[in-house]
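Coordinates in review
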Amino acid sequence: MTTTAVKPTKARVTPAHAVKDMWIITKRNLRRFIRMPQLLLVATVQPVMFLLLFNYVFGGAIGIPGVPYIDFLLPGILVQTVMFGATNTATGLTEDLAAGVIDRFRSLPMARGAVLAGRTLADLVRSGAVNTLMIFVGYIIGFRPSGIPQLVLGLILALMFGYSMSWVFAAVGLLARTPEAAQSASFLLVFPFVFASSVFVPVQTMPGWLQVFAENQPVSVLATTVRGLTIGVEALPSGKTIEGMILLSIAWIIAIFVVASPLSVNIYRRIFS
């Protein structure tokens, strides 16, 4: 007895059907978080631990003139959280690959990009929930934003940055093909950007050769922008304006998305063509 491989169904997909397919995949991934609450628990505990440990263990040794350390730290933690959250796109895709879920999707008359878009949107929703909790925890331990509208805008910028990075890690996951390789590759990419940044300490405290990278890479740009919005322009480096930092942040978000999203879709199509 012989079996034939399942080939992807060729069908013309309209934009309306593509949006519907994307929404269905998004709901499918969100239901997975609900049915496996340990996934959301792990995603929540890690950033809360970072916030508490850095605030209470290192906060006393890291002096920020005129600014309580929790006010300096939390905006950076919001950016760090969406960056780490974006890595789940890579591991989630590889888990679906290993389980044969993507092969089942290929046999259906659906938009190919819906698999990736649904995955990244679900991770965006999860990041929004985790960051909302982070703000709540931060408020309990002393974080005081300068205003609610500014805080909301900062949160939106952080989430949009996380969404654009999800497309980067979608490509990483498709190339890695296994959850273990995807996780290792993701953390190799994340750690230099998160820890050589202004998330935890001012860039000015770093060695001169490192400051050039740390000040201009996207994690620092987003952390500085969110910080300037949430605690005031006095938190910005000398010569920087909040308007300029917002525009620079948006430019990074758009640039990453414009490069990473078609790259991920092309890798997906090439692998499964």
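Residues numbered from 1 in each chain as written. Predicted model: local features only at pLDDT ≥ 70, side-chain atom pairs only at ≥ 80, totals over all residues. Heavy atoms only, no water.

What about a nonpolar patch on the surface?
For the record, the criterion: Only residues whose relative accessible area exceeds 30% and that form no salt bridge are eligible for patches; like-charged ones are grouped when within 9 Å, while nonpolar side chains (Val, Leu, Ile, Met, Phe, Trp, Tyr) are grouped when within 5 Å. All accessible-area figures derive from a Shrake-Rupley calculation using a 1.4 Å probe, and residue coverage is judged against the displayed protein chains alone. Any Lys or Arg side-chain nitrogen located within 4 Å of an Asp or Glu carboxyl oxygen qualifies as a salt bridge. What counts as a helix is a DSSP run of H or I of at least four residues, what counts as a strand is a run of E of at least two, and both are numbered from the N terminus.
A surface patch of nonpolar side chains, amounting to about 750 Å² of accessible area, comprises Leu41, Val45, Met49, Leu52, Leu53, Tyr56, Val57 and Phe58. Within the secondary structure layout, methionine 49 lies in helix 2 (residues 37-58).

Remarks on the packing of helix 2 against helix 3 (residues 69-99)
In plain terms, the rule: Angles here are taken between N-to-C directions and fall from 0 to 180 degrees, while the axes themselves are lines fitted to C-alpha atoms, restricted in helices to the stretch in contact. An angle counts as roughly parallel when it lies under 35 degrees, as roughly antiparallel when it exceeds 145, as roughly perpendicular when it falls between 65 and 115, and as oblique in every other case. By definition, turning the near helix anticlockwise from the far helix through less than a right angle yields a left-handed crossing, and turning it clockwise yields a right-handed one. A contact between two residues is defined here by any heavy atoms of the two lying within 4.5 Å. When residues are grouped by polarity, Ala, Val, Leu, Ile, Met, Phe, Trp, Tyr, Cys and Pro land in nonpolar, Asp, Glu, Lys and Arg in charged, and all others, Gly among them, in polar.
Running from N to C, helix 2 and helix 3 point in directions that differ by 155°, and their axes come no closer than 10 Å. In terms of orientation, helix 2 and helix 3 fall into the roughly antiparallel class. Once helix 2 is placed against helix 3, the crossing between them reads as right-handed. Residue-level inspection shows Pro47, Phe50, Leu51, Phe54 and Asn55 of helix 2 in contact with helix 3, the latter providing Tyr69, Ile70, Leu73, Leu74, Ile77, Gln80 and Thr81. For the contact of helix 2 with helix 3, the per-class residue count stands at 9 nonpolar, 3 polar and no charged.

Some remarks on the packing of helix 2 against helix 5 (residues 113-140)
Put simply, helix 2 and helix 5 touch, their axes get as near as 10 Å, and they point 35° apart. Regarding helix 2 and helix 5, the two cross each other, and that crossing is right-handed. Only Arg126, Val130, Leu133, Met134, Val137 and Gly138 of helix 5 make contact with helix 2, whose side of the interface consists of Leu40, Ala43, Thr44, Pro47, Val48, Leu51 and Leu52. For the contact of helix 2 with helix 5, the residue count by class is 10 nonpolar, 2 polar and 1 charged.

So, helix 3
Note the following rule: Expected span, for any helix, means 1.5 Å times one less than how many residues it has. Type-normalised accessible area, obtained with a 1.4 Å probe on protein chains alone, sets the label of each residue: buried when under 20%, exposed when over 50%, and partly exposed for intermediate values.
The terminal C-alpha atoms of helix 3 lie 44 Å apart, and with 31 residues this matches the ideal 45 Å at 1.5 Å per residue to within 8%. Counting buried positions along helix 3 yields 27 of 31 residues, so the element is predominantly enclosed. Looking one or two residues past helix 3, glycine 100 carries a phi angle of roughly 80°, positive in sign.

Details of the packing of aromatic side chains
Inclusion rule: Aromatic rings from Phe, Tyr and Trp, taking only the six-membered ring of Trp, are treated as a pair when their centres fall within 6.5 Å; an angle between ring planes under 30 degrees marks them as stacked, one over 60 as edge-to-face, and anything in between as tilted. Whether a charge sits over a ring depends on NZ of Lys or CZ of Arg being within 6 Å of the ring centre and within 35 degrees of the ring normal.
Scanning all chains against the criterion turns up 15 aromatic pairs. Relative to phenylalanine 84, the ring of phenylalanine 50 lies with its centre 6.1 Å away and its plane at 25°, an arrangement referred to as stacked. One end of the pair, phenylalanine 50, is in helix 2; the other, phenylalanine 84, is in helix 3, and 34 residues separate them in sequence. On the basis of an interplanar angle of 25° and a centroid distance of 5.5 Å, the ring pair of phenylalanine 195 and phenylalanine 200 is categorised as stacked. With relative accessibility at 34%, the residue phenylalanine 195 sits in the partly exposed group. Following the ring pairs from residue to residue traces out a cluster consisting of Phe50, Phe54, Phe58, Phe84, Phe187, Phe191, Phe195 and Phe200. One cation-aromatic arrangement involves arginine 144 over tyrosine 139; the distance from NZ or CZ to the ring centre is 3.8 Å. Directly above the ring of phenylalanine 72 sits arginine 227, whose terminal nitrogen or CZ lies 3.7 Å from the centroid.

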